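Report on the structure
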Amino acid sequence: MDIFVDTADLDEIKEAESWGILDGVTTNPSLIKKAASSEQGEMNLEEHISEILRTVDGPVSLEVTAVDQQDMVDEAETLYDKFNEINDNVVVKIPVNTSMGKNDDDFEGVKAIKSLSETGIPVNCTLVMKPNQAIMAAKAGAEYVSPFLGRIDDHIRDQMGLKRGEDYPKGTYYPSEMVERVRNYHIQRRISERSPEDIIYKDEESMELFYWGNDDGVLSGVDMVWSIKNILDNYTFDTKIIAASIRTARQVRQCAEIGVEISTLPFSVIEDMMSHHKTSEGMKAFDDDVIPEYRSLLRD
Ligand code: E4P
């Protein structure tokens, strides 16, 4: 599995690059804003982006800001023409659906992806929140699709009446397996008390249970990625998955178990992948046990 760092912070990118495990970078307007606000003095954004591209020998995603097909294509071409000559590693990020309200066109994103993939500009289709959107993006020719795991976990918890920040902090794992077990227990109990037909067709509370703890059948962000991986593997799409909006190292492990091609991670999650207190404890014990003869043998 390739590891991308999900940041526009140059210090983080350079540090991750120095570890020798970095395969690419993803940015978005919010991450650029964050990097600009933490920079001392005014940031030269063009130079900042150029430096990111020079630092990493792998795909760097840069997002468009427009919402109409032609404007997105124009911005993508500007980004590509301006920056790709630096290290030949620009990937343009296009939202799967740029609609922000009911009256907008839901298909501007896929139309832009289609046009860009025909001109050979690589596209990372972003803001993917359900498997059907990934199918559309793959059909339009996206080189990458980015399902947002963490935001789907937030959304499911939100529907369950749990508020981020109040009921759970941002970086916490959503235990969908446990939620599923609790839900099944309640469904089984109701079925044992009443007939299934009665429950499925007549009982509103039971129907609510069927939807509790999922988003249209998707049980969690990781489950969404699992579904997209299965779907793409069923066909001949060349589209690769970039598991995004990852909040915990446990989600990274699950993505690797699913076999996703790429995970894009906040810097802190990459750090978490390496630390374990038993490793530190074991290290200390080995260090304490080194006898001088052994140490000098190694240093001769
Ligand atoms: C992906 O490329 C996005 O930049 C990112 O993963 C979004 O993460 P967030 O939901 O933590 O903002």
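Right above here is the structure, for reference.
The structure reproduced in this document is the subject of the present report. Positions within a chain are numbered from 1, following the residues in the order the chain's sequence is written. Side-chain atom pairs in this predicted model are given and counted only at pLDDT of 80 or more, local residue features only at pLDDT of at least 70, and totals for whole chains, interfaces and linings cover all residues. Calculation of side-chain values draws on the structure's entire complement of heavy atoms; hydrogens and water are dropped beforehand.

By convention in these notes, a residue is near a molecule or strand provided one of its non-hydrogen atoms lies within 4 Å of it. Neighbouring residues of the ligand: Asp6, Thr26, Asn28, Leu31, Lys93, Phe148, Arg151, Lys170, Ala244, Ser245 and Arg247. The backbone of Ser245 places a nitrogen or oxygen atom 2.7 Å from an oxygen atom of the ligand. Contact between the ligand and Arg247: an oxygen atom at 2.8 Å from a side-chain N or O atom of the residue. Residue exposure ignores everything except the shown protein chains as possible cover, and the areas themselves are Shrake-Rupley values with a 1.4 Å probe. Contact with the protein chains hides 89% of the accessible area of the ligand, taken as 350 Å² for the molecule alone. A pocket here means an open set of points on a 1 Å grid, computed over the protein atoms alone, that has protein on both sides within 12 Å along at least five of seven lines. A cavity is instead a set of points where a 1.4 Å probe fits but cannot get out; residues with an atom within 4 Å of a point line either one. Occupancy of a cavity or pocket is assigned to a molecule whenever over half of its atoms lie within 2 Å of that pocket's grid points. Of all the cavities here, the one that holds the ligand is the largest pocket. Looking at side-chain class alone, the shell around the ligand contains three nonpolar, three polar and five charged residues. Pairing of N or O atoms within 3.5 Å defines a polar contact, subject to two protein rules: one partner must be a possible hydrogen donor and the other a possible acceptor, and residues neighboring in sequence count only if both atoms are side-chain atoms. Classification convention: Asp, Glu, Lys, Arg as charged; Ala, Val, Leu, Ile, Met, Phe, Trp, Tyr, Cys, Pro as nonpolar; all other residues, Gly among them, as polar.

As a further point, take the side chain of Arg183. If you trace the backbone, Arg183 turns up in helix α8 (residues 176–193). Between buried and exposed lies partly exposed: a residue is buried under 20% and exposed over 50% of the maximum accessible area for its type, with that area taken using a 1.4 Å probe on protein chains only. For Arg183, a relative accessible area of 9% corresponds to the buried category. In this structure the side chain of Arg183 is engaged in a polar contact, spanning 2.4 Å, whose partner is the backbone oxygen of Phe210. Not counting chain neighbours up to four residues away, the residues in contact with Arg183 comprise Leu209, Phe210, Tyr211, Trp212, Asn214 and Leu219. For helices the rule is a DSSP run of H or I covering at least 4 residues; for strands it is a run of E covering at least 2, with both sets numbered from the N terminus onward. We call two residues contacting when some pair of their heavy atoms lies within 4.5 Å.

For the rest of this paragraph, the subject is the layout of surface pockets. Grid points are joined across faces, edges and corners, and a volume is the space filled by probe spheres set on the points. Put simply, the largest pocket is a space of about 650 Å³. Taken together, 30 residues make up the lining of the largest pocket; nearest its centre are Asp6, Leu31, Lys34, Lys170 and Pro266. Listing elements by their share of the lining of the largest pocket, those giving two or more residues are α2 (29–38) and α13 (267–274). No other element matches α2, which puts five residues into the lining of the largest pocket. For the lining of the largest pocket, the per-class residue count stands at ten nonpolar, eleven polar and nine charged.

In spatial order, the strands read β1-β2-β3-β4-β5-β6-β7-β8; together these eight strands close into a barrel with parallel pairing. Taking each pair of neighbouring strands and ignoring which way they run, the sheet shows an average axis angle of 30°. At least two DSSP bridges between two strands are required for those strands to pair. Judged from the four bridges that link them, strand β4 (residues 90–95) and strand β5 (residues 123–128) form a sheet pairing that is parallel. Looking at β5, one finds that Ile94 is bridged to Cys125. Convention adopted: a line fitted to C-alpha atoms gives each axis, helices being fitted over their contacting stretch, and angles between N-to-C directions are expressed from 0 to 180 degrees. Packed onto the sheet, helix α5 (residues 108–119) meets β4 and β5 and runs at close to 155° relative to β4. Relative to strand β1 (residues 2–6), α13 is tilted by about 135°, and along the sheet it contacts β1 and β8 (262–265).

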